[in-house]
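Residues per chain are reported as follows:
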Amino acid sequence: MAAAEAADTQLMLGVGLIEKDTNGEVLWVWCYPSTTATLRNLLLRKCCLMDENKLLHPFVFGQYRRTWFYITTVEVPDSSVLKKVTHFSIVLTAKDFNPEKYAAFTRILCRMYLKHGSPVKMMESYIAVLTKGICQSEENGSFLSKDFDARKAYLAGSIKDIVSQFGMETVILHTALMLKKRIVVYHPKIEAVQEFTRTLPALVWHRQDWTILHSYVHLNADELEALQMCTGYVAGFVDLEVSNRPDLYDVFVNLADSEITIAPLAKEAMTMGKLHKEIGQLIVQSAEDPEKSDSQVIQDIALKTREIFTNLAPFSEVSDDGEKRVLNLEALKQKRFPPATENFLYHLAAAEQMLKI
């Protein structure tokens, strides 16, 4: 048990504090342990305090080069001991995706800072969670790391909401994820972008891979370079300028206008056929069933996905080195599937690294 708790607690990487003072200056005030200049600049960019006259975003999260960041921002009330500060952000970096867990913990740290006006108490709580997975305080609330299961975080979004917005077109998103394509999502509101993007990896539940999620990306050279090093991803942007960057996506989702566009270069791999229609109908039917919860819809889609892999199995064989299964293209062609189905199974095998080199 202790080992499991230790494994869970070692997920946090650091904690930081950003303040906006009464002169409107935004400063990186404190962090524990140290951080790099690159990461510090990124987090200053992500926290909403740098934006002129912009709305306050109470909580944002995202990923940069396999480090997750979680930022809670609050306005300082007049009653606080912090007299020269108007707003501040608490930043947590971690190895795992779990927005609910880190939102809960950063809220507690915010309350501590408002009350004491010094990072010392925050550091004590951070170390307590890092080493024991728990921090308790009478007035600021308690936090227990193991209350926040990773699987719960994976299931927190709503597939039903996505299907009610996009209907049969949801199958485009499913196909893109199955083929490990690059999906870019745009909406002017970061909250909408985060809610939508965090849910998409659940469409390929068999992988349970949220490392593909980059829910808050700026059109910044360093961030885009990091993003483009990934094979497939789901990336969220609040700047419409991203629509003029076809080098960044295979599928573009304009969430504000409920439009999905397939980039010209991805059209061949993303050709839709009878199989896609079947998958699309299943997704819509399942999501529209009022008796079914979101997790049951995810289960239905996962079963259909397993069926697709079962279809692929007869055309795979053990590779020459006996290391893995590879696609026997001749066997696939002999089956005479409809062209779109054969094309999809071929590209799926490529995504799963089943092609002979």
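Residues numbered from 1 in each chain as written. Predicted model: local features only at pLDDT ≥ 70, side-chain atom pairs only at ≥ 80, totals over all residues. Heavy atoms only, no water.

Within an unreviewed UniProt entry, the label attached to the protein reads DENN domain containing 10, and the organism entered is Propithecus coquereli. Its UniProt record gives the protein a comment under Subcellular location (unreviewed entry), which states: "Late endosome". For the record of the protein, the UniProt heading Sequence similarities (unreviewed entry) holds the text "Belongs to the DENND10 family." (UniProt positions renumbered as here; feature names shortened; annotations may be inferred.)

## Let's talk about the pattern of salt bridges
Applying the stated criterion across every chain yields a total of 14 salt bridges. Between Glu223 and Lys46 there is a salt bridge whose closest N-O contact spans 2.7 Å. Separated by 177 residues along the polypeptide, Glu223 in helix α9 (residues 221-228) and Lys46 in helix α2 (residues 37-46) bring together distant segments of the chain. The exposure class assigned to Lys46 is buried, which follows from its relative accessible area of 1%. Linking Glu307 and Lys304 is a salt bridge whose minimum nitrogen-to-oxygen distance equals 3.0 Å. Separated by 3 residues within a single helix, Glu307 and Lys304 lie in helix α11 (residues 294-312), roughly one turn from each other. For Glu307, a relative accessible area of 44% translates into the label partly exposed. By relative accessible area, which is 11% here, Lys304 ends up buried. (Salt bridge = Lys/Arg side-chain N within 4 Å of Asp/Glu carboxyl O. Helix = DSSP H or I, 4+ residues; strand = E, 2+ residues; numbered from the N terminus. Buried < 20%, exposed > 50% of the residue type's maximum accessible area, 1.4 Å probe, protein only.)

## Points about the side chain of His214
With respect to the helices, strands and loops of the structure, His214 is situated in strand β9 (residues 213-214). In this structure, His214 is in contact with Gln63, Leu227, Cys230, Tyr233, Val234, Ala235 and Gly236, ignoring residues within four places of it in sequence. (Contact = heavy atoms within 4.5 Å.)

## A short note on the environment of Gly133
Relative to the elements of secondary structure, Gly133 occurs in the loop between α4 (119-132) and β6 (134-135). When the C-alpha atoms of Gly133 and Ser145 are compared, they prove to be 5.0 Å apart, with 12 residues separating the residues in sequence.

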